[in-house]
Amino acid sequence: MTNGDTRLPGHPHIAHRDGLLQVEGVALDALAKEHGTPLFVYSKQWMLDALAAYQRGFEGRDALVCYAMKANSSLGVLRVFAEAGCGFDIVSGGELARVLAAGADPAKVIFSGVGKTRAEMRQALAAKIGCFNVESEAELEVLHQVASETGVRAAVSIRINPNVDPKTHPYISTGLKGNKFGIAHDRALAAYRHAASLSGLQVVGIDCHIGSQITEAAPYLEALERVLDLVEQIEAAGIPLHHLDFGGGLGIDYHGETPPAADSLWLQLLARLDARGFGRRRLIVEPGRSLVGNAGVCVTEVLYLKPGEEKNFCIIDAAMNDLPRPAMYQAFHAIVPVREGAGDSQTYDVVGPVCESGDWIGRDRALRVAEGDLLAVLSAGAYCMAMASNYNSRGRAAEVLVSGTNASVIRRRESIEDQLRSERPDGA
Ligand SMILES: *Cc1c(COP(=O)(O)O)cnc(C)c1O
């Protein structure tokens, strides 16, 4: 098993070549030696291929892909998408500042989120973003006030909660009645009438986002029909909608999941849009995970092997502060050795150094490892670095973007000076 090229499922640009794991044309052991561990490494080609799947699906249509940047908001990643002509879905003023720093076109930025502050609204209006995705009737009122004070009209879309079950983890389903997101389906028409009556607002669209890591087409098809039913009602009330935004949420292969490809999903959705006469409308999607998730790995070193009576532990130098998804959602990340070895494997719980029992990265994994070996935690491009923290005063990892045989450091490792900089122990 050590010769040739073994591609990992879902990871066409991450493969063992002659027994050594590479991202595109760059070997991970060399990167780890040069930059230390834990280290995030991303394939630029994987991101561009993932974007191309959406673009193929929308060929010949008036469509805009807005990368939901909360999945991975590193400037080097944002720049890849900005250069490819993407729009962006943001959820805070911080994300707006980041995406402008990465060179995005503000007209292609849409602003989602249930808790926008007045200051964030002013910042976004000053930047002339494309649209606010408003999530409550109270927010409509505040946005109208802020826009009126600023002397501009805010372009708005209202986020509808279509009440469909995306059949995913409860923490990442957002389109059910009990969720905090969006405006209930049966309040939507009233909210649109209200929005249309406010002079500070310009109604331009409708949006929904039903959840994340969705692995079937059916919930999207269901949400689409419900949104179109509403569009018909809203337009019959004399409020034209310029664009339809169906959110993000398409899943990736973490552990044998087989989500539809973006292009085939959109062929199905476009067939329904065409059948109902909406195929020529401006369409927006907000994918996050599906544009970056399997582009990334986290390279980590095995610090200690600790055999136990019930469990063997493999203690690595990456932890829940670097890779929060297992602790937050019991999520699965495949873990593979950087150098394929021979001999027997053992079953380990792979855990980090953080002082929490929740600090595990993988459970009951068969691994052939020794202390000092490097492991790669796969599918680490989305919701890992973007959720990383300094818990246990651990500095956040470095990040490398690989393109072909080129590797560039897009974020240096966070130093202890970085962490201490904003603190004033004497309160001065
Ligand atoms: C998180 C989020 C997305 C992206 O979700 P993914 O599952 O990463 O594709 C899109 N739109 C909104 C409003 C979101 O909150």
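The residue count restarts for each chain, going from 1 along the sequence in the order it is written. Confidence filtering applies because this is a predicted model: local features only for residues at pLDDT of at least 70, side-chain atom pairs given and counted only at 80 or more, and all residues used for totals across whole chains, interfaces and linings. As a rule here, side-chain values cover all heavy atoms of the structure and leave hydrogens and water aside.

1. Observations regarding helix H1 (residues 28-35)
Turning to step 1, where the next piece is worked out: For H1, the full list of buried residues reads Leu28, Leu31 and Ala32. Projected down its long axis, H1 carries its buried residues within an arc of 100°, all on one side. Opposite the buried face of H1, by more than 90 degrees, sit the exposed residues Lys33 and Glu34.
Turning to step 2, where the next piece is worked out: Trailing H1 by a residue or two, Gly36 shows a phi angle of about 80°, which is positive. Between buried and exposed lies partly exposed: a residue is buried under 20% and exposed over 50% of the maximum accessible area for its type, with that area taken using a 1.4 Å probe on protein chains only. In this text, helices come from DSSP runs of H or I with a minimum length of four residues, and strands from runs of E with a minimum of two, each type numbered from the N-terminal end. Comment: arc refers to directions from the helix axis out to C-beta atoms.

2. Here we look at the packing of aromatic side chains
Turning to step 1, where the next piece is worked out: Put simply, two rings from Phe, Tyr or Trp (the six-membered ring, in Trp's case) pair if the centres are within 6.5 Å, and we call them stacked under 30 degrees between planes, edge-to-face over 60, tilted for the rest. Under the criterion given, the structure shown has six aromatic pairs.
Turning to step 2, where the next piece is worked out: On the numbers, 6.3 Å between centres and 20° between planes, the contact of Phe40 with Tyr42 is stacked. As far as the burial class goes, Phe40 and Tyr42 line up, both buried.
Turning to step 3, where the next piece is worked out: Connected via pairs of aromatic rings, a cluster forms that spans Phe58, Phe246 and Trp266.
Turning to step 4, where the next piece is worked out: A cation over a ring is seen here: Lys116 above Phe111, with NZ or CZ 5.5 Å from the ring centre. Any Lys NZ or Arg CZ found within 6 Å of a ring centre and within 35 degrees of that ring's normal is scored as a charge over the ring.

3. Here we look at the site of the ligand
Turning to step 1, where the next piece is worked out: When at least one non-hydrogen atom of a residue lies within 4 Å of a molecule or strand, that residue is treated as near it. Residues in contact with the ligand amount to 14 residues; listed here are only the nearest, Lys70, Ser212, Glu286, Arg289 and Tyr383.
Turning to step 2, where the next piece is worked out: N or O atoms within 3.5 Å of each other form a polar contact, as long as, within protein, one can give a hydrogen and the other can take it, and as long as residues adjacent in sequence are counted only when both atoms are side-chain atoms. In the model, a nitrogen atom of the ligand is placed 2.6 Å from a nitrogen or oxygen of the Glu286 side chain.
Turning to step 3, where the next piece is worked out: We get accessible surface area from the Shrake-Rupley algorithm with a probe of 1.4 Å; when it comes to residues, only the shown protein chains can shield them. Alone, the ligand offers 390 Å² of accessible surface; in the complex the protein occludes 93% of this.
Turning to step 4, where the next piece is worked out: Gly is put with the polar residues, along with every residue not named as nonpolar or charged; the nonpolar set is Ala, Val, Leu, Ile, Met, Phe, Trp, Tyr, Cys and Pro, and the charged set is Asp, Glu, Lys and Arg. Grouping the amino acids of the shell around the ligand by side-chain chemistry returns three nonpolar, six polar and five charged.

4. Section: the pattern of salt bridges
Turning to step 1, where the next piece is worked out: Counted as salt bridges are all cases of a side-chain nitrogen of Lys or Arg within 4 Å of a carboxyl oxygen of Asp or Glu. Within this structure, the stated rule accounts for 20 salt bridges.
Turning to step 2, where the next piece is worked out: Close ionic contact of Arg61 with Asp274 constitutes a salt bridge, the shortest N to O distance being 2.8 Å. With Arg61 in the loop between helix H2 (44-57) and strand E6 (63-68) and Asp274 in helix H9 (residues 262-275), this pair connects stretches of sequence that are 213 residues apart.
Turning to step 3, where the next piece is worked out: Glu137 is paired through a salt bridge with Arg187; the nearest N and O atoms lie 2.7 Å apart. Placement of the pair is Glu137 in helix H6 (residues 137-150) and Arg187 in the loop between strand E11 (183-184) and helix H7 (188-197), with a sequence separation of 50 residues.

5. Let's talk about the sheet that holds strand E3 (residues 20-23)
Turning to step 1, where the next piece is worked out: Strands are treated as partners if at least two bridges between them are detected by DSSP. Across the sheet, four strands lie side by side as E1-E2-E3-E4; this open sheet has antiparallel pairing. One side of each edge strand has no neighbouring strand; the edge strands of this open sheet are strand E1 (5-8) and strand E4 (26-27).

6. Quick word on the pairing of strand E16 (residues 313-316)
When a strand is regular, its side chains alternate between the sheet's two faces.
Turning to step 1, where the next piece is worked out: Pairing between strand E15 (residues 296-306) and E16: four bridges, direction antiparallel. In the sheet register, Val302 faces E16, and the bridge partner there is Ile316.
Turning to step 2, where the next piece is worked out: Between the antiparallel neighbours E15 and E16 lie six residues.
Turning to step 3, where the next piece is worked out: In this sheet, strand E18 (residues 346-351) lies alongside E16 in parallel orientation, the contact comprising three bridges. Bridging across to E18, Ile315 finds its partner in Val351.

7. Thoughts on unusual backbone geometry
Turning to step 1, where the next piece is worked out: At the junction of Thr37 and Pro38, the peptide bond is cis and its omega measures out at -10° in the coordinates.
Turning to step 2, where the next piece is worked out: Assignment of secondary structure puts Pro38 in the loop between H1 and strand E5 (39-43).
Turning to step 3, where the next piece is worked out: We note that Ser379 has phi near 55°; this positive angle belongs to a residue other than glycine.
Turning to step 4, where the next piece is worked out: Along the chain, Ser379 falls in the loop between strand E20 (374-377) and strand E21 (398-403).
Turning to step 5, where the next piece is worked out: A residue is classified by how much of its surface remains accessible, and Ser379, at 0% relative accessible area, is buried.
Turning to step 6, where the next piece is worked out: At Tyr383, a position not held by glycine, the phi torsion is positive, near 55°.
Turning to step 7, where the next piece is worked out: Mapped onto the elements, Tyr383 comes out in the loop between E20 and E21.
Turning to step 8, where the next piece is worked out: We classify Tyr383 as buried; its relative accessible area is 9%.

8. Re the domain arrangement of the protein chain
Turning to step 1, where the next piece is worked out: Annotation comment: domain bounds sourced from an automatic or database domain assignment. By domain assignment, the protein chain separates into domain 1 (6-43 + 293-420) and domain 2 (112-287).
Turning to step 2, where the next piece is worked out: On a C-alpha basis, the centroid separation for the pair domain 1 and domain 2 is 35 Å.
Turning to step 3, where the next piece is worked out: Only heavy atoms enter the contact rule, under which two residues are in contact if any of them lie within 4.5 Å. Contacts between domain 1 and domain 2 engage 13 residues on the former and seven residues on the latter.
Turning to step 4, where the next piece is worked out: Contact between domain 1 and domain 2 buries roughly 850 Å² in total, counting both sides, with carbon and sulfur atoms accounting for 57%.
Turning to step 5, where the next piece is worked out: At the junction of domain 1 and domain 2, the tally comes to zero salt bridges. By convention, the term buried area covers the 1.4 Å-probe accessible surface removed from two parts as they join, with the contributions of both added.

9. Digging into the nonpolar core
Turning to step 1, where the next piece is worked out: Ranked by internal contacts, the top residues of the largest apolar core, which has 105 residues, are Tyr67, Phe81, Phe88, Phe132, Ile206, Trp266 and Leu273.
Turning to step 2, where the next piece is worked out: The greatest single-element share of this core, amounting to eight residues, is contributed by helix H8 (residues 218-236).
Turning to step 3, where the next piece is worked out: A domain-level breakdown of this core finds at least three residues from each of domain 1 (6-43 + 293-420) and domain 2 (112-287).
Turning to step 4, where the next piece is worked out: With residues near it in sequence (within four places) discarded, Phe88 still touches Cys66, Tyr67, Met69, Leu78, Phe81, Ala82, Val99, Ala104, Lys108, Val109 and Ile110.
Turning to step 5, where the next piece is worked out: Definition of nonpolar core: a set of buried residues of the types Ala, Val, Leu, Ile, Met, Phe, Trp, Tyr and Cys, connected through side-chain atoms within 4.5 Å. In this structure, Leu21, Val297, Ala334 and Val402 belong to the second largest nonpolar core, which totals 22 residues.

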